[in-house]
Amino acid sequence: MTEAEPGTLPPAIEVNDLTVAYGEQPVLWDIDLTIRQGALTAIVGPNGAGKTTLIKAILELVPRAAGRVEVLGHPYREARGEVAYVPQRGSMDWDFPTSVLDLVLMGTYGRLGWIRRPGRRERKEAMEALEKVGMEAFADRQISQLSGGQQQRVFLARALVQEARIHLMDEPFQGVDARTEKAIVEVLRELRARGDTVVCVHHALQTVREYFDEVALLNVRMIAAGPVDQAFTEENLRLAYGGRVPFLQGVTGFHHDEAGAPAGPRGTGFRPTGGGP
Amino acid sequence: MSSLDLEIQLLAVVVAVACALPGVFLVLRRLALMSDAISHSILLGIVLAFFWVQDLAHPILVLAATATGVLTVALVEALHRTRRVKEDAAIALVFPALFSMAVLLIARYAGNVHLDVDAVLLGEIAFSPFRRLEVAGRDLGPRSLWLMGSILALNVAALAVFWKELKVSTFDAGLAAAMGFSPAVIHYGFMGLVSVTAVGAFDAVGSILVVALMIAPPAAAWLLTDRLPVMVVLSGLLAALSAVAGFWAARALDASIAGSMAGMAGVVFVIAILFAPDRGVVAGIRRRARQRLEFARTMLMVHLLNHEGGARARVENRMDHLQEHLRWSPDFARRVVRRAERQGLLVRESGGGLRLTPLGREEARHRMVR
Amino acid sequence: MSDGGLFHALLFDYTLRTVALGAGALGAVAGALGCFAVLRRQSLLGDAISHAALPGIGLAFLLTGSRATPVLVLGAALAGWVGTLFVLGIVKHSRIPEDSALGIILSVFFGIGLVILTFVQRRPTAAQAGLETFLFGQAATLMERDVLLIVGVGAVALLLLALFWKEFKLLTFDREFGGTLGFPMVRIDILLTTLLVVGIVLGLQTVGVVLMSALVVAPAAAARQWTNSLSVMVVLAGVLGGVAGVTGALVSATGGGVPTGPTIVLMASAIVVVSLLVAPRRGLASEVVRRFRVRRRVRADVVLSDLYALAAQHGESGEHAHSVAVLRTMHGGQAGTRRSLGVLAERGWAREVEPDRWAITLEGMERARTLFLPGSEEGGPKAHDAGEAAPRTGSGAAEMRPGGAP
């Protein structure tokens, strides 16, 4: 992130005054959010805070009651090809008769347009994406034979072949094994290194500081957003999670980590239960 | 109105109400299509038992058919449990096979007796008054009226006795199990009740229209009330209404009474879904129109609060900004602002700026925390 | 009629050939399209569509006075579509769940259809419209032009299926993702549902409204058991549907006027039963075999761990033999100890030193360590090293035991 001075790049995603309501129940109130290009951003908040809804509203998968979304300075519809989406793993029918390679190839469908089928070039790209997530040996497997972590890595590969510059991921670390978590983080950092933007709905507060550059704290309205060491404070967490904060102790890293330094890349607190020394 | 007409209508009402009572729980327990499966496959039980006893009036037919109905439920669940097919496909595989066997057996071996394929679909409610129940030479009325009457009584009794169990297991299966009611026993007992009802009604209205009488009136009632006891009573009333209206419509068209009853049940449902006071489509449209302004006003409050005191407040909290950012038409924006102003929630500053009053701030905070 | 006779008739009887061709084409189209319905959990939507088609048939006849198949099929298709829209509308705009909506639409539309049919029949001008054959189907009534209609329209439907394959697959597997790629998923949904409606109404004359949905669901459910690939599944479902159609129609047409719908459905059901039982991998038979093997292996592993523990506790070289009775008591007197020992012997992990007395082999020790060392699955070489270093004497090995044995 040395290639450009902050301020010269248009934001990856700019959300203005976004309100979403299911029926008469507002789920998101007047959200303003700017996602910086080339950063890893976590969207954090309690259950029912509207995290998934925020991502879906950006992607126009749920109707907006009000507000605007711009991607790289353009309306979302014009910049759709720049955005890849990794949905929640649990929302799929994994018994669907298809192979891992086939699923990854779906990432190329948007580029192919109507009717055209993926060919040799797309297959090669899909295999490369599978290699990146360490799943190339599973290309011919049926998708139901994968573990949760493997499913997530395949989803990630599908997003990689989309050749997008912005990646929206809904809980990519949900229920995956430690090895997969490491592999995913590795891929996210590679994406960042080439200037891509990643936005993750994220649950494990312990790892926010370690994995992400920026954080957005959400609970129906936007509580705070910005660089992790500015926005990810106990006070903001308390605002986002209400009074139920005892489990938050220490996760922000300010009061409990030695020397107050941000946790290193291989720091403690890797597991959800390992709250600190 | 002849006594014949009266007897047909009485039977129609009894059948419809008997179907609607268990139907309430079919709808609430998401088992509506199980009734479709049961009402088809009971035919196989009837046919097989008929081949055995050679008498269409023999009570063993009712028993065999009921057993087939329960067996169907078990088969669907067994097939689903293999995890080789999804539940909807399991239903769609089991009952056509059993029903096909029954239809073939009738067409092949029983074509001449009083059991033909048309009756399977149409029912014979128009003819049922001709089959009388006579005890010691005295005419006690149509046989099927006695049969359906007993089934109705059985349903009422079962609902009364097992009301608590049915209710708890329908709304909270886990709680029911914790309270010591075996979900399996309740489930299969209930499906047995549905089967008996389907068998009795089958004679009068045929296998497919049973489904209309079991599902449509309870579904309509569910749109009209949130309370279970009210829903049960209302289902019975709507079912009776459909039966009588269906009878007269069929009379006017000289067409199938059973089909017409099903059609009327559909009409009642459509009326309910359109005009139900709270949950109807029309009420929904009117409410949304009313609430749109209300919602917009609250949205404005929240918007102003969020940007209050911020660096961009001067830009965001302005009349002309609303049109741009909230995508409101100028006219709509003016109406919303005027409404909020009248309620004392905000004040307009010179130059187009908008500022919340303390009351408005309170309101916005209150709405945001839900 | 014997098979030889049927085959002979098929070759030389023009009518039978027509019937067989029509029913076969129909089964193929319904089977192929049905795959998507089954995968989208819309098996019962097919049932609702076919029942809802009945009033369309009646109204088409009432309005046009024509019994020509294309007219009736068009009426059926429109009514089937309206029924589908009603189901979607009810689910979207009310609290009524999908299963109730389907039940209401299928039975109410069917009831209205019966009203129209009985109304038509009792009118003096009707001259017995013969619409009852649409209830259970009658393949024998298929004329050459009916078959041409089935083949022609069916071919167009299959062509569209092939053309929009990628889009339909996206819709079925991951609708939202398709939306983010920029595909208009609602329009794709409308197209696929229309194809399903078309496939269903084509079969109403042959199979009937009551049972047509089974011909949509059964071949797909059967085909799913044999393959894990969507394209293979669709082709196979087409073939199986065709087989069910041809055989069912022939049995009906030569079987003294029994309705065709039930015969075809029974053929399709038989195919499903066979597929569920014997298909490789997904079949229930192979599942039973697999479970048996796993259970046998787990039992053998338990006995192996006992042998290992005994060897460790005794601090022996492992060659010391233990009686079967001891081993049996170690895991609660469970039967099959002797058979498990046989399995272990086969693999060279244990051997019978003298009659009824068994000892663990060196390979067996190795195996026991990889089995019960925590983390041995992933860190292969590390576990191996630990194994080499582990003392054959008591303490170390005994500590390893809690992981595995009961």
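Values in this document were obtained by computation on a predicted structure and should not be read as measured data.

S.K.: Please give an account of the sheet that holds strand E4 (residues 66-71) of chain A that cites residues and values.
M.R.: Residues and elements named next belong to chain A. The strand order across the open sheet formed by four strands is E2-E1-E4-E5, and the pairing between neighbours is antiparallel. In the strand order of this sheet, the two ends are held by strand E2 (25-35) and strand E5 (74-75), each with one partner. Of the strand pairs in this sheet, strand E1 (residues 13-22) and E2 are connected by seven bridges, and their pairing is antiparallel. Opposite valine 20, over in E2, you have leucine 28 as the bridge partner. The sheet contacts of helix H1 (residues 51-58) involve E1, E2 and E4, and relative to E1 the element is tilted by about 115°.

S.K.: With reference to specific residues and values, describe unusual backbone geometry.
M.R.: Glycine aside, residues mostly have negative phi angles, and peptide bonds mostly take the trans form. Residue and element names in this part refer to chain A. Phi angles above zero are rare outside glycine, and aspartate 30 is one such case at about 50°. Checked against the element boundaries, aspartate 30 lands in strand E2. Under the relative-accessibility criterion, aspartate 30 is labelled buried at 1%. Positive phi, close to 50°, is recorded for leucine 72, a residue that is not glycine. Its location among the elements puts leucine 72 in the loop between E4 and E5.

S.K.: Describe the environment of phenylalanine 109 of chain C, listing the residues and the values that go with them.
M.R.: All names here are of chain C. With respect to the helices and strands, phenylalanine 109 occurs in helix H5 (residues 98-121). When the C-alpha positions of phenylalanine 109 and alanine 79 are compared, they lie 8.8 Å apart, and in sequence the two are 30 residues distant. Here phenylalanine 109 is in contact with His51, Ala52, Pro55, Ala79, Val82, Gly83, Phe86 and Ile104, once residues within four sequence places are set aside.

S.K.: Which residues make up helix H6 (residues 178-193) of chain A, and what values go with them?
M.R.: Residues and elements named next belong to chain A. For H6, with 16 residues, the first-to-last C-alpha span of 23 Å sits near the 22 Å given by 1.5 Å per residue. Within H6 the residues assigned to the buried category are Thr180, Glu181, Ile184, Val185, Val187, Leu188, Arg189, Leu191 and Arg192. Where H6 is buried, its residues contact strand E3 (40-44), helix H4 (120-132), helix H5 (148-161), strand E7 (166-170), strand E8 (197-201) and helix H7 (208-211). Residue glycine 195 follows H6 closely and has a positive phi angle near 95°.

S.K.: So what about the packing of aromatic side chains? Which residues, and what values?
M.R.: Enumeration according to the criterion identifies 15 aromatic pairs over all chains in this entry. Between tyrosine 211 of chain A and phenylalanine 212 of chain A, the aromatic rings sit 6.4 Å apart at their centres with planes inclined by 65°, giving edge-to-face as the arrangement. One exposure class covers both tyrosine 211 of chain A and phenylalanine 212 of chain A, and it is buried. Ring plane angle 70° and centroid distance 6.2 Å describe the contact between phenylalanine 36 of chain C and phenylalanine 168 of chain C, whose orientation is recorded as edge-to-face.

S.K.: Residue-level account of the interface of chain A and chain B, with values.
M.R.: Of the residues lining the interface, 21 residues belong to chain A; the matching set on chain B comes to 20 residues. Scanning the region where chain A abuts chain B turns up two salt bridges. Counting the contacts that link chain A with chain B gives two residue pairs in polar contact (both at pLDDT 80 or more). At the level of elements, E1, E2 and E4 of chain A are the ones that each hand at least two residues to the side of chain A that touches chain B. Each residue belonging to the side of chain A that touches chain B can be placed in one class, and the counts come to six nonpolar, six polar and nine charged.

S.K.: Run through the interface of chain B and chain C, naming residues and quoting values.
M.R.: Counting residues at the interface gives 55 residues for chain B, matched by 52 residues for chain C. Counting each side, the surface lost to burial between chain B and chain C is near 4600 Å², with a carbon and sulfur contribution of 75%. At the junction of chain B and chain C, the tally comes to two salt bridges. For the interface between chain B and chain C, the tally reads 12 residue pairs in polar contact (both at pLDDT 80 or more). For the side of chain B that touches chain C, the elements supplying multiple residues, two or more each, are helix H2 (32-53), helix H4 (87-109), helix H5 (117-122), helix H9 (183-224) and helix H11 (257-275) of chain B. Counting residues per element, the side of chain B that touches chain C draws most heavily on H4 of chain B, which supplies 15 residues. Considering only residue class, the side of chain B that touches chain C consists of 36 nonpolar, nine polar and 10 charged.

S.K.: Which residues make up the pairing of strand E6 (residues 83-86) of chain A, and what are the values?
M.R.: Residue and element names in this part refer to chain A. Here E6 shows a buried face lined by Val83 and Tyr85 and a second buried face lined by Ala84 and Val86. Alignment of E6 against E7, held across four bridges, turns out to be parallel. Bridge assignment links valine 83 to a residue of E7, and that residue is isoleucine 166.

S.K.: Please set out the pattern of salt bridges residue by residue, giving values where relevant.
M.R.: Under the defined criterion, the tally for this structure stands at 31 salt bridges over all chains. The partner of glutamate 125 of chain A in a salt bridge is arginine 111 of chain A, and the shortest N-O contact between them spans 3.1 Å. Linking glutamate 125 of chain A in helix H4 with arginine 111 of chain A in helix H3 (residues 109-112), this pair joins segments that are 14 residues apart in sequence. Judged by its relative accessible area of 34%, arginine 111 of chain A is partly exposed. Among the ionic pairs, aspartate 226 of chain B bridges to arginine 95 of chain C, the shortest N-O distance being 2.8 Å. With aspartate 226 of chain B in the loop between H9 and helix H10 (228-253) and arginine 95 of chain C in the loop between helix H4 (69-93) and H5, the pair connects residues from two separate chains. Taken together, the shared-partner salt bridges connect Asp93 and Asp95 of chain A, Lys86 of chain B together with Arg224 and Arg282 of chain C into one network.

Calculation criteria
Residues numbered from 1 in each chain as written. Chains lettered and ligands numbered in written order. Predicted model: local features only at pLDDT ≥ 70, side-chain atom pairs only at ≥ 80, totals over all residues. Heavy atoms only, no water. Pairing = 2+ DSSP bridges. Helix = DSSP H or I, 4+ residues; strand = E, 2+ residues; numbered from the N terminus. Contact = heavy atoms within 4.5 Å. Axes fitted to C-alpha atoms, helices over the stretch in contact; angles between N-to-C directions. Buried < 20%, exposed > 50% of the residue type's maximum accessible area, 1.4 Å probe, protein only. Expected span 1.5 Å × (residues − 1). Phe/Tyr/Trp six-rings, centres within 6.5 Å; stacked < 30°, edge-to-face > 60°. Salt bridge = Lys/Arg side-chain N within 4 Å of Asp/Glu carboxyl O. Polar contact = N/O pair within 3.5 Å; in protein donor to acceptor, adjacent residues only side chain to side chain. Nonpolar A, V, L, I, M, F, W, Y, C, P; charged D, E, K, R; others polar. Buried area = accessible area lost by both parts, 1.4 Å probe.

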